[in-house]
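The lines below spell out each chain.
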Amino acid sequence: MATDLAASKITPGVLDAIFNDPERRATDFPVPVCQCVQIKPLASQGNGAERYRVVLSDTKNFVQSMLATGANHFIHDQKLKKGSLVRLKQFQANALKGKRILVIMDIDVLAEFGEPDKIGDPQALKVKDEEEDVKPAPGAVSGAGFYGNKPAQQPAQAQQSLPSRTGPSSSAAHGNIYPIEALSPYAHKWTIKARVSNKSEIRTWHKQSGEGKLFSVNLLDESGEIKATGFNEQCDQLYDLFQEGSVYYISSPCRVQLAKKQFTNLPNDYELTFDRETQVEKAEDQENVPQVRFNFTNIANLQTVEKDTTIDIIGVLKEVADVTQIVSKSTSKPYDKRELTLVDDSDFSVRLTIWGKTAVSFDAQPESIVAFKGAKVSDFGGRSLSLLSSGSMSLDPDIQEAHKLRGWYDTHGRSNTFASHSGMASAGAAGGRQDPVMTVAKVYEDNLGTTESTDYFSTKATIVYIKQENFAYPACISDGCNKKVTDMGDGTWRCEKCDVNHPKPEYRYIMSLNVNDHTGQLWLSCFDDVGRLIMGMSADQLMSLKDSDDPAAGRAFEEANCKTMLFKCRAKMDSFQDQQRVRYQVTGASPVNYANEAQKLAELIKLYNI
Ligand SMILES: [Zn+2]
């Protein structure tokens with residue numbers, strides 16, 4: 001039944017259309033949905049790049065496809081699984097070593113259909129006779145608008161998917177536009193339309209073997225970014241043509257090779273080297289290619305951002321420290337670093353470290369406005385930032401946020417005092433540990449509680465099951481003693497520790513909860529105080545309810561179920577009957593503060609550049 005529903009969602013015949021009749025694909029199958037019938041990691045390509053091969057089926061045919069690295073997160077997050085239904089949002093049909101392969105840049109996983117077994121009996125796709133000059137068919141579909149993604153960029157995508165357009169316009173000459181993510185050494189005859197996001201100085205070298213010069217540009221489109229380098233003649237030819245911020249058509253022949261990761265700050269597996277024949281033309285139409293965009297997090301809100309998140313930040317330069325050197329532990333090489341202090345109108349300050357040449361050549365005056373793209377959040381000293389090698393810095397950028405900060409700083413910012421995150425951290429340390437908030441999956445992933453030491457974390461999760469057997473134990477009623485007492489059978493309860501027989505015990509909770517979030521499920525154990533909070537009554541009350549009206553006790557458990565709470569937990573290795581297992585003990589729980597949570601989520605969503 002569920003499988004029938006899933007089957008009705010798939011687009012039979014779409015794979016054939018993608019490879020053999022791209023125009024029909026665009027008209028008849030605007031939103032392709034396929035089933036993922038296999039996922040395999042590819043052997044490492046020697047440059048540390050992680051690649052996944054995915055077999056897609058439209059129930060009639062199947063094809064091999066390759067997930068662009070930008071889409072690897074679907075696998076890391078366990079969203080894309082064998083059996084998943086996927087809506088193809090951006091893809092490229094390519095020739096790869098004589099085989100046809102679909103490069104997938106972006107998808108939606110239709111999680112509501114689960115992971116049904118292989119639907120239908122798909123056959124390997126037959127591709128029409130290979131002509132030397134078969135035009136690959138870029139695809140980008142309006143499916144991107146399904147969840148409100150980047151609607152402003154739709155017109156550009158629609159144009160890309162119609163390579164057959166005719167007409168004398170300049171862009172018609174570039175009908176066969178590839179997204180940057182689809183470039184590979186196996187792609188022939190391509191044109192990209194990209195904005196120069198960064199242009200280097202000309203660098204020269206002198207060696208025994210000779211001398212030379214080079215420059216490079218980073219090229220950006222909505223699928224990704226790639227570095228391109230021009231040596232010697234091409235350096236002369238192209239250096240002046242490229243302007244930072246402008247959009248260009250760049251057409252093969254142009255060498256695509258594995259990126260030399262040590263010289264680049266981009267995540268692309270490949271990079272370009274301009275050839276004598278490479279065509280570079282400034283686009284008349286400078287629109288429809290993303291600008292370098294910032295998504296600023298204000299400094300006060302850094303507290304709500306998880307460690308290791310990459311963010312953009314803008315602030316007034318309050319202090320500039322001198323360059324110092326540290327020696328890298330892994331390479332034993334010295335690194336230059338410089339620490340900056342930034343402030344903004346949230347009345348907070350934060351330290352940001354810049355590295356290498358950026359640190360040495362930094363000469364912005366205090367009180368300048370600086371914007372950083374790609375700074376990593378660390379929890380060192382509360383919250384601090386480190387500019388990634390792929391990050392960039394803009395001094396006094398001509399953007400609205402910068403003008404706003406300037407105005408604020410000149411009117412009252414200059415005389416402000418600023419709170420720092422390190423101040424907050426020490427206050428926090430005095431008041432108790434700062435337990436990182438993490439998802440259930442992250443708790444497992446980080447192997448919390450599997451080492452000698454005890455780990456602490458917080459998690460926001462929903463109770464889905466409360467074990468009703470042994471939810472409480474009879475405890476000693478002596479002051480400060482919570483030991484379990486034994487029913488002596490003569491109407492008294494004995495505490496061994498206090499060496500006393502009491503007329504009655506006090507029941508205390510010792511509960512097992514199964515809690516879930518969107519990433520997984522976890523068993524938590526909790527003691528009396530948390531049990532009271534969850535059940536809304538004492539264990540004594542619940543126990544007497546159970547004795548007098550068992551169905552009512554059942555209803556109390558039902559009512560407590562499905563509550564969403566913030567659990568503070570301790571993870572620790574536990575030995576039980578020769579078996580070692582991690583035990584997650586709740587040390588405190590509180591109901592979700594929806595206003596706070598909503599604000600945190602809003603900050604997180606902002607980071608997705610939507
Ligand atoms: Zn006792």
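Each value, and the rule that gives it
Residues numbered from 1 in each chain as written. Predicted model: local features only at pLDDT ≥ 70, side-chain atom pairs only at ≥ 80, totals over all residues. Heavy atoms only, no water. Helix = DSSP H or I, 4+ residues; strand = E, 2+ residues; numbered from the N terminus. Buried < 20%, exposed > 50% of the residue type's maximum accessible area, 1.4 Å probe, protein only. Contact = heavy atoms within 4.5 Å. Areas by Shrake-Rupley, 256 points an atom, 1.4 Å probe, with all protein chains shown as cover. Phe/Tyr/Trp six-rings, centres within 6.5 Å; stacked < 30°, edge-to-face > 60°. Donors = N, O, S within 2.8 Å, 3.2 Å for Na, K, Ca; no water. Tetrahedral: all angles 85-135°; square planar, octahedral: opposite > 155°, others 65-115°. Core = buried A, V, L, I, M, F, W, Y, C linked by side-chain atoms within 4.5 Å.

### As for the overall build of the protein chain
Part 1 of the argument: Along the backbone of the protein chain there are 14 helices and 33 strands.
Part 2 of the argument: In the protein chain, which comprises 610 residues, the share counted as buried stands at 45%.
Part 3 of the argument: In the protein chain, the proportion of contacts linking residues at least 24 apart, taken out of those at least 6 apart, comes to 62%.
Part 4 of the argument: For the protein chain, the exposed area adds up to about 32000 Å²; of that, 50% sits on carbon and sulfur atoms.

### Thoughts on the packing of aromatic side chains
Part 1 of the argument: The full count for this structure, using the stated rule, is 12 aromatic pairs.
Part 2 of the argument: Judged by centre distance (6.3 Å) and plane angle (45°), the rings of Phe215 and Phe242 are tilted. Here the residue Phe215 occupies a position in strand E11 (residues 210–221), and Phe242 occupies one in the loop between helix H6 (232–238) and strand E13 (247–251), the gap between them amounting to 27 residues.
Part 3 of the argument: When its relative accessible area of 0% is taken as the criterion, Phe242 is described as buried.
Part 4 of the argument: On the basis of an interplanar angle of 75° and a centroid distance of 5.5 Å, the ring pair of Phe471 and Phe557 is categorised as edge-to-face. Of this pair, Phe471 sits in the loop between strand E24 (455–466) and strand E25 (472–475) while Phe557 sits in helix H13 (residues 550–560), and the two are 86 residues apart along the sequence. Across this residue pair, the class does not change: Phe471 and Phe557 are buried.
Part 5 of the argument: What links up through ring pairs into an aromatic cluster is the set Phe215, Tyr239, Phe242, Tyr248 and Phe274.

### A word on the coordination of the zinc ion
Part 1 of the argument: Protein ligation of the zinc ion involves Cys476 (SG), Cys481 (SG), Cys495 (SG) and Cys498 (SG), the donor distances falling in the range 2.2 to 2.3 Å.
Part 2 of the argument: Viewed at the metal, the four donor atoms of the zinc ion are separated by angles of 105 to 112°, and the geometry they form is tetrahedral.

### Notes on the nonpolar core
Part 1 of the argument: Counting residues in each nonpolar core, the largest one holds 40 residues, and the members touching the most others are Phe457, Ile466, Met511, Leu513, Ile534, Met535 and Phe567.
Part 2 of the argument: Met535 has contacts with Ile466, Tyr509, Met511, Leu542, Ala556, Phe557 and Ala560, leaving out every residue within four places of it along the chain.
Part 3 of the argument: By size, the runner-up hydrophobic cluster in this structure holds 29 residues, among which are Val103, Ala187, Tyr248 and Phe274.

### Observations concerning the environment of Phe29
Part 1 of the argument: As for its position among the elements, Phe29 is in the loop between helix H3 (22–28) and strand E1 (33–41).
Part 2 of the argument: In this structure the C-alpha to C-alpha distance between Phe29 and Thr11, which are 18 residues apart in sequence, comes to 7.3 Å.
Part 3 of the argument: If sequence neighbours within four positions are ignored, Phe29 has contacts with Thr11, Pro12, Gly13, Val14, Ala17 and Arg24.

### Focus on unusual backbone geometry
Part 1 of the argument: Residue Pro253 is bonded to the preceding Ser252 through a cis peptide linkage, with omega at 5°.
Part 2 of the argument: Within the secondary structure, Pro253 sits in the loop between E13 and strand E14 (254–258).
Part 3 of the argument: We note that Asn447 has phi near 50°; this positive angle belongs to a residue other than glycine.
Part 4 of the argument: Take Asn447: it is sitting in the loop between helix H10 (440–445) and E24.
Part 5 of the argument: Owing to a relative accessible area of 46%, Asn447 belongs among the partly exposed residues under this scheme.
Part 6 of the argument: Unlike most non-glycine residues, Asp499 shows phi in positive territory, near 55°.
Part 7 of the argument: Considering the arrangement of structural elements, one finds Asp499 in the loop between strand E27 (493–495) and strand E28 (500–502).

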